[in-house]
Amino acid sequence: MYKDKTYLAIIPARGGSKRLPNKNILELAGKPLIAYTIEAAKKSKYIDDIIVSSDSDNILNIAKDYNIKTIKRPDYLASNTAKTIDVIKHVIENIIGEYDYIVLLQPTSPLRNEKHIDEAIELLNAKEADAIVSVCEMDHSPLWSNTLPASLSMEGFLREEVKNKRSQDLDKYYRINGAIYICKTDKLLKKNTLFLDKNIFAYVMDRKSSIDIDDEIDFKLAEVLMNA
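Not measured: the values here are computed from a predicted model.

Cut-offs applied
Residues numbered from 1 in each chain as written. Predicted model: local features only at pLDDT ≥ 70, side-chain atom pairs only at ≥ 80, totals over all residues. Heavy atoms only, no water. Helix = DSSP H or I, 4+ residues; strand = E, 2+ residues; numbered from the N terminus. Expected span 1.5 Å × (residues − 1). Buried < 20%, exposed > 50% of the residue type's maximum accessible area, 1.4 Å probe, protein only. Arc of directions from axis to C-beta. Contact = heavy atoms within 4.5 Å. Polar contact = N/O pair within 3.5 Å; in protein donor to acceptor, adjacent residues only side chain to side chain. Core = buried A, V, L, I, M, F, W, Y, C linked by side-chain atoms within 4.5 Å. Phe/Tyr/Trp six-rings, centres within 6.5 Å; stacked < 30°, edge-to-face > 60°. 1 Å grid on protein atoms, 1.4 Å probe; cavity = no way out; pocket = protein on both sides within 12 Å on 5 of 7 lines; lining within 4 Å. Points joined across faces, edges and corners; volume = space filled by probe spheres on them. Nonpolar A, V, L, I, M, F, W, Y, C, P; charged D, E, K, R; others polar.

Caption draft 1: Representation of helix α6 (residues 216-227) within the structure. Look at α6: 17 Å from first C-alpha to last across 12 residues, which is about the 16 Å you get at 1.5 Å a residue. Residues of α6 that are buried: D218, F219 and A222. Looking straight down α6, one finds that the buried residues subtend no more than 100 degrees of arc, so they occupy a single side. Seen from the open side of α6, the exposed residues pointing more than 90 degrees away from its buried face are I217, V224 and N227. Of the surrounding secondary structure, the elements contacted by the buried residues of α6 are β2 (27-28). Its side-chain oxygen placed 3.2 Å from the backbone nitrogen of I217, D215 serves as the N-cap of α6.

Caption draft 2: How the structure looks around the nonpolar core. Membership of the largest hydrophobic core comes to 32 residues, with the highest contact counts inside it found for Y7, V52, I180 and I182. For this core, the secondary-structure elements that each account for two or more residues are β1 (7-12), α1 (33-43), β4 (49-54), α2 (57-65), β6 (101-104), α4 (114-126), β8 (174-184) and β9 (200-205). Apart from the residues within four sequence positions on either side, Y7 is in contact with Y2, Y46, I47, D48, D49, Y99, Y101, V103, I121, L124 and I182. Counting residues in each nonpolar core, the second largest holds 19 residues, with L8, I88, Y181 and C183 among its members.

Caption draft 3: Quick peek at the packing of aromatic side chains. Inspection of the entire model under this criterion finds two aromatic pairs. Ring geometry for Y2 and Y46: centres 4.3 Å apart, planes at 45 degrees, overall tilted. One end of the pair, Y2, is in the segment before β1; the other, Y46, is in the loop between α1 and β4, with 44 residues separating them in the sequence. The residues Y2 and Y46 share a single accessibility class, namely buried. Each ring, one from Y7 and one from Y101, has its centre 5.1 Å from the other, and the planes form 15 degrees; the classification is stacked. With Y7 in strand β1 and Y101 in strand β6, this residue pair connects regions lying 94 residues apart in the sequence.

Caption draft 4: Representation of the side chain of S56 in the model. By secondary structure assignment, the location of S56 is in the loop between β4 and α2. Since its relative accessible area comes to 13%, S56 is described here as buried. A polar contact is formed between the side chain of S56 and the backbone nitrogen of I59, at a distance of 3.2 Å.

Caption draft 5: Examining the layout of surface pockets more closely. Of the pockets and cavities examined, the largest pocket occupies roughly 500 Å³. Of all the secondary structure elements, the ones that give two or more residues to the lining of the largest pocket are α3 (84-93) and β8. Classifying every residue of the lining of the largest pocket gives eight nonpolar, nine polar and eight charged. Considering only enclosed or pocket space, the second largest pocket measures out at about 200 Å³ in volume. If you go around the second largest pocket, you meet 13 residues; those closest to its centre are E137, M138, S141, S167 and D171.

Caption draft 6: Just α2, in detail. Inspection of α2 places I59, L60, I62 and A63 among the buried residues, and these make up the whole buried set. Projected down its long axis, α2 shows its buried positions confined to an angular sector of 155 degrees, all on one face. Residue S56 occupies the N-cap position of α2, its side-chain oxygen lying 3.3 Å from the main-chain nitrogen of N58. Directly beyond the C-terminal end of α2, a positive phi value near 60 degrees is found at N67.

Encoded structure:
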């Protein structure tokens, strides 16, 4: 609880993964990947309760080893096309009690820790916001990018105002890093999204902490960063 508001952390962890099979339980620096997110949520000063949602008994058993509440996800919410918002709503519909805010913590962000979670909640309160989404600065400016035609012609690839500019002279761009989403529960249910169109703010994280594991390269990079 923070400032008389309650926070439920939901950790969605599907058993299947096409790019990196069983990624949520792969051992990373001596622990299953999901353990880092569970530990971060448990160490948070403000999280009131934690629930792991999964279709996988292996994942649910790991959560239980950490004394975390679990919800078995039905098959229709375990496919590649299942939407995260529907997983969240399934959790809300199947728990006892109500919470002012939902904190979504994806297990693919192992370097996001309790400090980041608590700072995001504090920012939410300071801004009197309905939602917070974590972001990080982009590695490369999107102004240096464009689509390519079948011919691979680069005519018009760069806008005139970008040509001959140094990268450090371009505006900073940020991307959603997937580590933390916080949303007021009633707004989430009304709008059917974590990404509200009003009264939503960014919590900026450093790029190292923003690693999001999607494939084997990301996983190996996380190992290097953790051992650095």
